[in-house]
Each structure stands twice: as structure tokens, then as C-alpha cells.
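Each chain, written out:
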Amino acid sequence: MKHIIILGDGMADHPLPQLGGRTLLQAAHTPWMDLLARQGRNGRLVTVAPGFHPGSEVANMSVLGYDLPTVYEGRGPLEAASIGVDLAPGDMAMRCNLVCLEGDLLKNHSAGHITTEEADTLIRFLQERLGDERVHFYTGVQYRHLLVIRGGDKRLDCTPPHDVPLQPWRPLLPKAECPEAQQTADLLDTLILRSQDLLRDHPLNKQRIAQGKDPANSIWPWSPGYRPQMEPFSARFPQVRSGAVITAVDLIRGIGRYAGLRRIDVPGATGLYDTNYEGKVRAALDALRTDDFVYLHIEASDEAGHEGDIALKRQTIEDLDSRVVGPIYEAVKDWPEPVAIAVLPDHPTPCEVRTHTAEPVPFLVWHPGIEPDAVQTFDEVAACEGSYGLLKEDQFINTFMNA
Ligand SMILES: [Zn+2]
């Protein structure tokens, strides 16, 4: 049997008064997910282990059954994998934002949504001036870049810059959590302050200011970690000779790389509502012909949740249903080699809170010949009655892959 996981990022939500006390999954018109829930079996999954923040990287690693306390190394190493930087033993990787400071305050975490092209000029410039045997800057995407410190100590207290808009930045500089990490913390503080001296008068920033845009006038490194000790997916599930991941999101690509999943880039996959759903479905079906496992990640509903836009999030859920789940089910339901389908979110991104929460998510599993349970629709409430109950850690992936 082949396996595909269709993941609707942030799709789960809370009951909303605007929807008569229903959740978006309950209110949205989702005939295909409901059909699979009715013909398959259902349950709920804890995707955010105690003590972890409900980030997409955390939740997606959980869906794939990786033990977070063992493998989680922060965002830096995942972004390194996403942009193809191999971390050697002892290399510490950090997400390195280009940010905009205004005096003592951190104005924004994105340097006014700087483009990749502009950012690349600045990151190369910083690498030229600040890079050495130990320090390496790599360009990522837009404001999201990578800093690798050879021999760095990751025991640092760092602040995600998107959590502290308009707060004084000096008290938030990286701090050592133990004496051994002091040297790394000092190095980072020096790099941040020197980046400010270098970036202040850079022609590109002068030009941005003249255009009324925010300058990228500091780096902000955070989320340090080493290369994760992630076992390849095929080592855990030998029936998967090869697998593939389809996503528009760097962190998910990084997870895929460490999991040994082939990365498929789909033109027009944006991570937004205008993403190329049909292209992603074609790529997923092509991959299912050659590979044994496909992880199809769709970001749009998470973005709509962050915007708190109920109508838009409903649209993304209905799009996932009619343009992804339906066409994939219709295409594979009669294949000679049966295909098992799972549909689930990674975490809720409730419109009313506009950020991720750690509550369990509903999931459905369908494959030809599966004995259905009593659940009739795919949503947070109906899934509570599912025959799988409440799963955690690797129980979902083991259940699904050994179906
Ligand atoms: Zn997510």
C-alpha cells in the first residue's frame, strides 16, 4: 500500500459565534473530507508535546512521528537544510532575520518585508565583512536568513523578533544560559552590533529610506541548534523505499530533507490562497506513481487564520476539499496498488486568536477496505467520537503507515 498525508496547515479552529457556535471545519462545505471521514476512521492527535511552542515545525515533526525532545533543534538547522547548507558536527545554525530598528526599539521583524534580491545583497555584504572561519552568513528567503557558527554553544536565551515588535531591543540580545555558552553569546552580541554599523550607511538601505521603506539595519539571530539526529523516514518504515514532500514552506522542506524525503518544487506554489492547487495535486499524483509516501503540505489556511479572516479561511478549507482532497481521492481510489489517505491539520490557527494553539487536531484515515467507524463528518467535534481516540507521539504515523 502507498500512503499520502494531506496536511492543511492551521486548518483546525475554535467554535465561532459568527458561525452559530460551529468551527470552520464544521461550517465549511467539505463533501470530500466528509466522505473520507464517513468511509474511513477518525481520531485526534496531540501534535505539540508538553513544553514545546506550537510552531509549524514542531507540529509537522510530530505528525511524522519524530520524538521532539530527542530531535528538535530549533529552526536554524531546518532552514539550513531547506537552503541546502549541510551542517557539520559542532556547527550551530541560527535563523538570522534582517530586522528594522528605530532608535532603541525593534520596529519590525521583517525589515519592512524586504525582498530576497535586496536581502541577498546585504547578506553577502555582511558575509564579506563579518564572515570568517567560524562565522558564516547564508541568504535564505525575504527577511529569513541563516547564520552558522562553527563550534557555537546553543545554550542561549534568544528572542524571536516577531514576538517583540516595538520593544527595546538591547535587553533582548542573546544571553548565555550557562557559563560555557558565554563566548557564543558575546560573539553574537558583537555580530549584531557590528551589523548595525555596517548596514546603517549601506547604499541599499539609503535607497530604501528614500523610497519610504524600512531599512534592514540589523541582523537578529535566534533559534539556535545543531544538525538534528533524525532517522530517515524509510529507516522507520521500510515499506517506504522512497518518499516525497511537497510544500511552499522552508521549515517543512528542512524537515523533509532530514527525513530523507525527496523535495518536489511546484511552480506557482506560494503558501497563500492563490497557490497552485492543481499543480500540487499533479505533482502529488506523479510522486505516488514512483514513490511509496507523499507528504503534501498546504499552507493557505494557516495564513488566513493569522489574518483572523473567517471568510477567507473558510474558502481555503473548501479549496483544499474540492481542489486537493477530492481530485486525489478520485484519482487513486481504484489504483491496483491501494493508496491510503490521511487528512489533518498540523495545529489549530484559530481566527479569534490569530496565532497557533496547542490543542489536539482531528485526523481521518481512509484506504480501500478500511472498516469505517461511526464518524460522519471531518471536524474537531466529530473526531472526538472516532475509533482511534486521542493519539500522541508516533501513534498516528505508526497507525497510518501500518494500515
Ligand atoms: Zn503550521
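(A) Structural context of unusual backbone geometry. You will see that S223, though not glycine, has its phi angle at about 55°, which is positive. S223 gets classed as buried once you look at its relative accessible area, which sits at 14%. Of note, the phi angle at R354 is positive, near 60°, even though the residue is not glycine.

(B) Expanded view of the coordination of the zinc ion. Distances from the zinc ion to its protein donors, namely D9 (OD), D9 (OD), S56 (OG), D346 (OD) and H347 (NE2), fall within the range 1.9 to 2.6 Å. Written as a sequence motif, the donor residues of the zinc ion are D-x46-S-x289-D-H. Taken together, the residues D9 in the loop between β1 (2–8) and α1 (24–27) and H347 in the loop between β13 (339–344) and β14 (361–366) connect sequence positions 338 residues apart. Looking at D9, the relative accessible area reads 0%, which means it is buried. Residue classification places H347 among the buried positions, given a relative accessible area of 0%.

(C) The arrangement of the pattern of salt bridges in detail. In total, this model carries 25 salt bridges according to the counting rule given. One salt bridge connects E278 with R323, and the closest N-O pair in it is separated by 2.9 Å. Here the residue E278 occupies a position in helix α11 (residues 277–290), and R323 occupies one in helix α13 (residues 310–332), the gap between them amounting to 45 residues. Across the pair R323 and D319 runs a salt bridge whose closest N-O atoms are separated by 3.8 Å. Here the residue R323 and the residue D319 both occupy positions in helix α13, the gap between them amounting to four residues, near one helical turn. A relative accessible area of 28% places R323 in the partly exposed class. Among the ionic contacts, a cluster of salt bridges with common partners joins D86, R227 and R257.

(D) How the structure looks around the sheet that holds strand β15 (residues 390–391). Pairing within the open sheet is mixed, and its eight strands lie in the order β11-β10-β12-β1-β13-β14-β2-β15. The outermost strands of the open sheet, each flanked by one partner alone, are β11 (262–264) and β15. Where strand β2 (residues 41–45) lies against β14, five bridges are found, and the strand directions are antiparallel. Residue pairing across strands places R41 opposite V365, the latter belonging to β14. The sheet strands contacting helix α2 (residues 31–39) are β2, β13 and β14, and the helix crosses β14 at an angle near 70°.

(E) Structural detail: the packing of helix α6 (residues 116–130) against helix α8 (residues 203–210). Following both chains from N to C, one finds α6 and α8 inclined at 145°, their axes separated by 10 Å at the closest point. Residue-level inspection shows E118, T121 and L122 of α6 in contact with α8, the latter providing L204, N205 and R208. Tallied by class, residues from the contact of α6 with α8 come to two nonpolar, two polar and two charged.

Conventions and cut-offs
Residues numbered from 1 in each chain as written. Predicted model: local features only at pLDDT ≥ 70, side-chain atom pairs only at ≥ 80, totals over all residues. Heavy atoms only, no water. Buried < 20%, exposed > 50% of the residue type's maximum accessible area, 1.4 Å probe, protein only. Donors = N, O, S within 2.8 Å, 3.2 Å for Na, K, Ca; no water. Helix = DSSP H or I, 4+ residues; strand = E, 2+ residues; numbered from the N terminus. Salt bridge = Lys/Arg side-chain N within 4 Å of Asp/Glu carboxyl O. Pairing = 2+ DSSP bridges. Contact = heavy atoms within 4.5 Å. Axes fitted to C-alpha atoms, helices over the stretch in contact; angles between N-to-C directions. Nonpolar A, V, L, I, M, F, W, Y, C, P; charged D, E, K, R; others polar.

By themselves, these figures tell us nothing about what the structure is for.
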